[in-house]
Amino acid sequence: MKSKVYFLLLCLAVIAPTVVLGLATQRPEIAVCCLLPETALLILVYRMLFRPMRVIATGLELLREQDFSSRLRKVGQPDADRVVDMFNSMMACLHRQNLQIREQNEFLDLLIDASPMGVIILDDNDNICQLNGAACEMLATGAGAQPLSALTSPLALALRRLGRDEVRTVRLANSEVFRCSRLHFMDRGWHHPFMLIERLTDEVRAAEKQAFARVIRTMAHEVNNSMAAIISTMSTIRTILADHPRGANLLEPVNACLTRSAELTGFVRRFAEVVKVPEPILCLTDFMELILSALPILESICSACGARLETDLTNAAPVRMDSVLMQQALVNIVKNAAESASRGGTVTLRAEGHTLLVIDNGPGLTADSADNLFSALYTTKPDGHGLGLLLVAEILNKHSARFSLQTTPPLTTFSITLP
């Protein structure tokens, strides 16, 4: 726009004196003769100077608007046309690069959304800017922007404890295992934090079960072979001593050895049962029917610990389960709850639709025990073997159940939800 004004002012400055001269001398032919070369000169100036300036200004405007698909036309002036060729070549390169970056970003967005890994992009204040569908499912939250500190799920609490460039494997109270990473990427010269969450539950379970089964097979083979020989020999000795007039004093230690050998054999057999849980035979039933059929056993378990058993099963809904396996899992869960509640405590069985809650008012779980409850051979009891919850987890996993064991003072709750 400015170049047009300048050119018009130049035309006025050149032509006006000639027109005034022609009018003053009353000889228009002189004015016409002067106007012809002046007009030719103005046309030349426009082609050599003002037109290239307009083209350059148009190019700058295209750059400002980031319109890389447009091109400039040549002006017929060699030097200016070289600038136009260079500008058009640069615009073509920028267009290709911009298109490539846009396509890469679209592909990256599709890849992030389809990834089974959770992806969380943060700002410098740990506010969530973006997260994919897998992260929403793992964290039980929506896709909107929000502070990381606003999330209260156990996995979110573990994420908040991650340091810069730290990778940590996290085992939650519901036996799920995740590998969590806090990393950084460069964007316009700045480090931007992001988090990756990889679900390892199935892989860890399979690896633990395979390693556990291998150890069990080796241990059971060696122990059972030795115990069979020892029990046979001790039984023979007991028979001989029973018929010997002076063997009565030796019968007691021999019987103690036989009892301990039988207990050791049973101990190894219980280990083998954990890795030999059969596939469930699913039948339609509900938690009320399951618990009422096992109620005498559950009451005796609680009575032995001095705890009281209460039930609230009126809201139970029909579900598909293997009653034999689920009863075995329930016995282990109630036994742990009764031992935690101990004398004077209460264990409550409550059904809420497809969910069963086993609640006790014992001292609850420590942070360390909550992270390792479903690990193989982990136990907090002096005489425990770490098999009860391992067997429970195996049975519930075979039912595709969601389960967790958490303490919210003053209560500890084992929650089981069947599909």
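Keep in mind the model is a prediction, meaning the values are calculated, not measured.

Calculation notes
- Residues numbered from 1 in each chain as written.
- Predicted model: local features only at pLDDT ≥ 70, side-chain atom pairs only at ≥ 80, totals over all residues.
- Heavy atoms only, no water.
- Helix = DSSP H or I, 4+ residues; strand = E, 2+ residues; numbered from the N terminus.
- Buried < 20%, exposed > 50% of the residue type's maximum accessible area, 1.4 Å probe, protein only.
- Contact = heavy atoms within 4.5 Å.
- Areas by Shrake-Rupley, 256 points an atom, 1.4 Å probe, with all protein chains shown as cover.
- Phe/Tyr/Trp six-rings, centres within 6.5 Å; stacked < 30°, edge-to-face > 60°.
- Pairing = 2+ DSSP bridges.
- Axes fitted to C-alpha atoms, helices over the stretch in contact; angles between N-to-C directions.

S.K.: So what's going on with the overall build of the protein? Which residues, and what values?
M.R.: Scanning the protein from terminus to terminus reveals 11 helices and 13 strands. Per-residue burial over the protein gives 37% buried out of 419 residues. Taking the contacts inside the protein whose residues are at least 6 apart along the sequence as the reference set, 55% of them involve residues at least 24 apart. Summed over all atoms, the accessible surface of the protein reaches about 24,800 Å², with 60% contributed by carbon and sulfur.

S.K.: Talk me through the packing of aromatic side chains; I want residue IDs and the actual numbers.
M.R.: In total, this model carries two aromatic pairs according to the counting rule given. When the centroid spacing of 6.4 Å and the interplanar angle of 10 degrees are considered together, the rings of Phe 403 and Phe 414 count as stacked. Highlighted residues: Phe 403 in strand β12 (residues 402–408) and Phe 414 in strand β13 (residues 411–417), separated in sequence by 11 residues. Exposure class is identical for Phe 403 and Phe 414. Each is buried.

S.K.: Outline unusual backbone geometry, listing residues and values.
M.R.: Cis rather than trans, the peptide bond between Pro 409 and Pro 410 has omega equal to 10 degrees. With respect to the helices and strands, the residue Pro 410 is situated in the loop between β12 and β13. Even without glycine at this site, Asp 165 takes up a positive phi of about 55 degrees. Relative accessible area serves as the criterion here: at 46%, Asp 165 is assigned to the partly exposed category. Even without glycine at this site, Ser 342 takes up a positive phi of about 55 degrees. Position of Ser 342 relative to the elements: it lies in the loop between α9 (323–341) and β10 (346–353). Residue classification places Ser 342 among the partly exposed residues on the basis of a relative accessible area of 31%.

S.K.: Account for the sheet that holds strand β8 (residues 308–316), naming residues and giving values.
M.R.: Strands in a sheet are paired, the pairing made by backbone hydrogen bonds, and the direction either parallel or antiparallel. Taken in spatial order, the five strands of this open sheet run β8-β10-β11-β13-β12, and their pairing is mixed. One side of each edge strand has no neighbouring strand; the edge strands of this open sheet are β8 and β12. Adjacent strand axes in the sheet meet at a mean angle of 15 degrees, parallel and antiparallel pairs treated alike. Both strand β11 (residues 355–360) and β13 contribute to a ladder of six bridges, which runs antiparallel. Pairing of Leu 356 across the sheet is with Ile 416, part of β13. Its contacts with the sheet place helix α8 (residues 287–305) against β8, β10 and β11, and it is angled at close to 175 degrees to β8. Across the face of the sheet, α9 comes into contact with β10, β11 and β13 while running at roughly 25 degrees to β11.

S.K.: Tell me what's going on with the pairing of strand β5 (residues 177–187), and back it up with residues and numbers.
M.R.: In this structure, strand β4 (residues 167–171) lies alongside β5, joined through five bridges in antiparallel fashion. Each residue of the ladder has a partner; that of Arg 168, found in β5, is Cys 180. Between β4 and β5, which pair antiparallel and follow one another directly, the connecting turn spans five residues, one of which, Ser 175, has a positive phi of 75 degrees. As judged from the 10 bridges shared by β5 and strand β6 (residues 190–199), these two strands associate in the antiparallel manner. Of the residues in β6, the one forming a bridge with Asp 187 is Trp 190. Counting the residues between successive antiparallel strands, the hairpin from β5 to β6 contains two residues, one of them, Arg 188, with a positive phi of roughly 55 degrees.

By themselves, these figures tell us nothing about what the structure is for.
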